[in-house]
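In case you want the letters, here they are:
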Amino acid sequence: MGQLYGVEEIPFSKNGSALTIQKRKQVCHDGEIDCGYYLRALYEDDRDRLLFRLSFDGSMSEIEETRKPHKLTLRKGTQSIAICFSATDTIRFSGICQRFELYMSPKEIIKYNAAMYYDSRHVGVNTYTRKGIVYALKGEISLDAPWGENESNTYIRIVVHPNESGEMDFVYKEFRTEFTRDYLTSTFEEDCLSVLEDYHSFCKRIGDCVVPELSDVFSKARFILWNNQQEPNQLIKRHIILSGKQKLCEIRHVDSLLIMLAMMKADPSLAWNQYVLFSDSQDDSGAMPSWIGSYKINNRWVNPPIEGMIVAEFLRQDVLNRSQMETIFDSLSRQVEFWLLYRETDGDGLVEYFHPKDCGLEEYSPFVGNMRTPSLELNTWLILSVDCLERISEELNRPAQTKYWRDKRENLLTAFLPAVSKVICRDVPNIEKRGMALPICLDYVPIALGELLPLEISSKLVKNLMSSGLQYNRENLEKTSVNSILCAAWVISIALGLLRLGKVEEAEDWIFAYCHLVSDKGFYAVHREGDWVGMGDSAFSATAAVVLYMLRDFVEGVE
Amino acid sequence: MNRFLNLNKMAFTTYGSSMTIVRKENATMGFNTSVKVPDGYYFHPIYDEEMFHGLLFRMGFEGEPSIGMEYEFLPESLRLFRDLNSVELCFPNRTTLRFSGRAKEGFFFLYDQTRKDDDALQLDRKHAELNIYTKKCMLYMFKGELSLEAPWDAKKGRCNYLYVHFSPDENGELDFCLEEYDRAWKGAWCEGSFESYVALRRKDFEQYRRTCLKPIHSRFEEAFEACAYMAWSSTMFDNGYIGNRETILISKNWMAMTASWDNTFNLLPFGGVNQRRAFDQLFVIMDYQEPTGAQPDWITSHRYNHSYVKPPVTGVLLQILMDDGIEFEHEYLKKTYHYLVKTIEFWMRYRDYDSDGIPEYGHGNDSGADNSTVFDLAPNVEAPDLTAYIIADYDFFARYERLFGTLEKAAEWEKKADDLYSLLLQHSFDPKRKKFVSLISGSHCIAPGDCLIDYIPIILSYRMESSITKNLVEGLKQKDRFYTRWGFSSESVSSLKYCRDSYWRGPIWAPWVFFIVEGLRQAGEIEFATEAANKYIDLCLHAGCFAENHDALNGIGLRDTSYSWCANVFQYFVNKYANG
């Protein structure tokens, strides 16, 4: 297997680990940039820190990387060091070089950060949420870390020197309280093999791309999802896939559901964890947390209920058992009631976001001058959730519930359709309200309602969509003014809606355009319409999940 | 009004609540002494993210500066007034603050230091939702109306400021609530009269106070009432990592956490009067003991911290209290014993990197004396207090086994204590300096300075050779060194490193004073111990607060001025040593 993905784009990590190695640029307040390979930890307190910079001689120049799923190799001239994860809390370094260093600069040091020299084979560090030890299996370690005035070292430089054969083999291990002297006994190669087997096993479960020309982007999506797994850690009580391991170190509600969609067939247990992690944190009002991190559950915002759309796919695929349906029914009905009871304040029948972060994409949400926003996509997903509740209650043979939710859906649609009509009646939807020069993807999410929409509305929406310029076209990258974005949740919503409408060709065009976009520009959290630049986390799980789902289950389903 | 209920030094809050009201005048922001806070009365929630830097909105009468108000502070209510304007505050429950009174031109909340994502929205003339900290809040009016300004800045992703104006009704009256919640507000509930909730809180407090230590002399009534208020109002339960144990936080000023040696000092006032409460303070931390035996450094509503640990002082305090004649319930002692054995195993097994048999701190924070001068050269220091605490813990284990276990096991613990004590003398007592010394692990270098930590082994005076005790007592009594007008400074006042407001590099700290006084007493230095204890009592009365630490020269309270261990040691000393 050759070079897959650069460490700058996708952090080097391991299924389950909170440790990563990333190639990053550290931009300081004085404008100085320290580019390099950093050992980073993804705990919540450490998300904005780079921690230890890795190098042979303190200089970043001329370092080359070779990255495989299980191994990262850094080279400079004749020096070379290979890095792998021996365990989720353990990174191992093995190679032939004159020296190798882990350096925490004065810019990275914060109060209380400390390193301790124990002996020529052990150095302890206490610099982030977890503590760590660097110990040498081959070679020796020295520490240069003057103690400063701020109850911390002024900088920390841990240098590993080779043994008489020129080899070094050392370990960075993190722990919560203390190093328990559980030294590695395996060889470096054995550790690599173990990781590789885990990766292959994951790939096997996921399966292959059904669109050969897009198999590269599919492989990459699969790798990102494997890489972004996190083992249980405090409030993350289940083994799950995080939203990302580059900038985000938590799991967001909407992302979790999209990941669930992609994983349900391949790894039902992992997919179910993505769901239950949130439903276990649902409160008595029915609201879900916006996101869950290792030590914090965020209650300040509530993300839209895309469950209905996701679960409808599972019903179509017949992958849910009765117990799961009951769990989903209970949780989703309470969530829908939350929106209806607490988030419909003006009596117009449309539910509202209260804060840009409710929408999940705060910078691009339609919040202008009014924080209570009855956004179209929110109401679309709510109706789909109600529709889904009707279908689950039918499956569970609960006729009274079926009628209740059917009536509810009709009422919501009655209130919703005039709002959609207003938008599609304009040539350029919603410009005045949003101050945007281009149609934005968000306006087409109502397509997700499929046959629930009157034909004249759905036809107009699809027609507008196809001529909107929202589809990425490799052949025509002419820049236009940019005011909006594409994100995975909106893309999959529209794709599934097109399918419900029987617009198979349009659906395929739509998803292939998105997959080409991700293939060309990267797995970013969002892409800017117009110039298609990616923004946010560049190895974003929700983006990977949607690509993976589209290029496997979705296309298979169409066929 | 009780002079200790000083809103500049102690927050107005209630049992179980994370909502507080504080007054800031010429004040700085939490630990950050370089950040000046605008004067005024603030709403300050003390959740993990807000406790240090979360002074949110100021409040006051419209047209007047916030700081211009006067106040009357009672455990159950707070009255803010100026001229004919007067608004009273009370807690109908732990998540709701109610405001009631008269304000001719109205009342205001002003939040001008907004942070990312902060936002508010007005729902109608009677309701507005604030989304500016860990919890959301609903403002709702019983009398009067509100208007909100919170202009949203999309680029900054926050409202630029938040201003709420409360207009009185046609009778000039205001009555409204600030209620916090997580995701959905379920409607107004506290429609009983304002006075009825004040009466409820008074009753709660009086009930609690009846279960607190009572002063041996009536002249301490006022101070003891304040101590009871501190414990009552600092109690949290059903709150994230705090769990369901009724936990007395260190403070509700900004150290809104429980830490794994601060908590132990709650044994002093409550060990003899309310053992469940006393031991819950230990167990709330011990519940999070790791397989290695380490306990978290501290716990807040949202986090527990394992980056550091704290010194194992539990056995020391239990022994002293048992010597006082307190008979602890077996179940409590048993549970504590088992936890503590694992804790000591942690220190002895994992915290001796140079394998010399003497355990070491990995950082000043591990010792509790974060920045004391013995850590000036390196963080991994074999400070003698640590080994002394462990020896005292071994002695406690032996005592426990004699009481409830077997003599064989007791003998085993005694031998461990004897052996470690011998090693401590050999390793850490410097006959030339006539004191114990703090050595850097491995190199055994000593940092310059003259720190009180080297005298803490006096807690072992009950097993110490008289010559060594004599050396220590002489050191403690030495003129112009530690023993000032107000007690024992943490760094010798003659040391070049001494500094008045410098955390552990000069000020007087309750735990060290406690250990030294008790060590002196056990050494037979009754007069010296009594004098030192009374100095500490006088220090608290003089400062008018129970502070985290005090200036060793002028006695004023420093840093967090409403701090549990100070109140705990004060109460204990009053009933054991107070003159007259």
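Residues numbered from 1 in each chain as written. Chains lettered and ligands numbered in written order. Predicted model: local features only at pLDDT ≥ 70, side-chain atom pairs only at ≥ 80, totals over all residues. Heavy atoms only, no water.

1. Digging into the packing of aromatic side chains
Okay, step 1: With the rule as written, the count across this model stands at 97 aromatic pairs over all chains.
Okay, step 2: Judged by centre distance (4.5 Å) and plane angle (0°), the ring pair of F93 of chain A and F170 of chain A falls under stacked. With F93 of chain A in strand β7 (residues 90-96) and F170 of chain A in strand β14 (residues 167-175), the pair connects residues that are 77 residues apart, well separated along the chain. Both residues of the pair, F93 of chain A and F170 of chain A, count as buried.
Okay, step 3: Relative to Y353 of chain B, the ring of Y118 of chain A has its centre 3.4 Å away and its plane inclined at 0°; by these criteria the two rings are stacked. Taken together, the positions of Y118 of chain A in strand β9 (residues 114-119) and Y353 of chain B in the loop between α6 (330-350) and α7 (364-367) put the pair across two chains. This pair shows no difference in class: Y118 of chain A is buried, exactly as Y353 of chain B is.
Okay, step 4: K357 of chain A extends its terminal NZ or CZ atom over the ring of W301 of chain A, reaching a point 5.1 Å from the ring centre. (Phe/Tyr/Trp six-rings, centres within 6.5 Å; stacked < 30°, edge-to-face > 60°. Helix = DSSP H or I, 4+ residues; strand = E, 2+ residues; numbered from the N terminus. Buried < 20%, exposed > 50% of the residue type's maximum accessible area, 1.4 Å probe, protein only. Lys NZ or Arg CZ within 6 Å of the ring centre and 35° of its normal.)

2. Points about the confidence of the model for chain A
Okay, step 1: Summing up the model confidence of chain A, the mean pLDDT is 90 and the portion of residues at 70 or higher is 92%.
Okay, step 2: Here residues 427-438 of chain A is a poorly scored stretch, pLDDT under 50, and it has 23 contacts once near neighbours within four places are set aside; other chains count. (pLDDT = per-residue confidence, 0-100. Contact = heavy atoms within 4.5 Å.)

3. Considerations on the sheet that holds strand β23 (residues 304-305) of chain B
Residue and element names in this part refer to chain B.
Okay, step 1: Taken together, the three strands give an open sheet; going across it, the order is β21-β22-β23, and neighbouring strands pair in antiparallel fashion. In the strand order of this sheet, the two ends are held by β21 (258-259) and β23, each with one partner.
Okay, step 2: Across two bridges, strand β22 (residues 298-299) lies against β23 in antiparallel orientation. The partner of W298 across the bridge, within β23, is N305. (Pairing = 2+ DSSP bridges.)

4. What to know about the pattern of salt bridges
Okay, step 1: What the rule picks out here adds up to 83 salt bridges over all chains.
Okay, step 2: Among the charged side chains, a network of salt bridges with common partners joins D387, E390, R391, R406, R409, E410, E451 and R500 of chain A. (Salt bridge = Lys/Arg side-chain N within 4 Å of Asp/Glu carboxyl O.)

5. Comments concerning the interface of chain A and chain B
Okay, step 1: Listed as interface residues are 48 residues of chain A and, on the opposing side, 48 residues of chain B.
Okay, step 2: Interface area, chain A with chain B, both sides summed: about 4200 Å², of which 48% is carbon and sulfur.
Okay, step 3: If you sort the residues of chain A by the area they bury against chain B, W147, N299 and R300 of chain A come out on top, with a joint share of 17%.
Okay, step 4: At the boundary of chain A and chain B, one finds eight salt bridges.
Okay, step 5: For the pair chain A and chain B, the interface holds 27 residue pairs in polar contact (both at pLDDT 80 or more).
Okay, step 6: Of all the secondary-structure elements, those providing two or more residues to the side of chain A that touches chain B are β9, β11 (131-138), α6 (322-342) and α7 (356-359) of chain A.
Okay, step 7: Broken down by class, the residue content of the side of chain A that touches chain B amounts to 22 nonpolar, 12 polar and 14 charged. (Buried area = accessible area lost by both parts, 1.4 Å probe. Polar contact = N/O pair within 3.5 Å; in protein donor to acceptor, adjacent residues only side chain to side chain. Nonpolar A, V, L, I, M, F, W, Y, C, P; charged D, E, K, R; others polar.)

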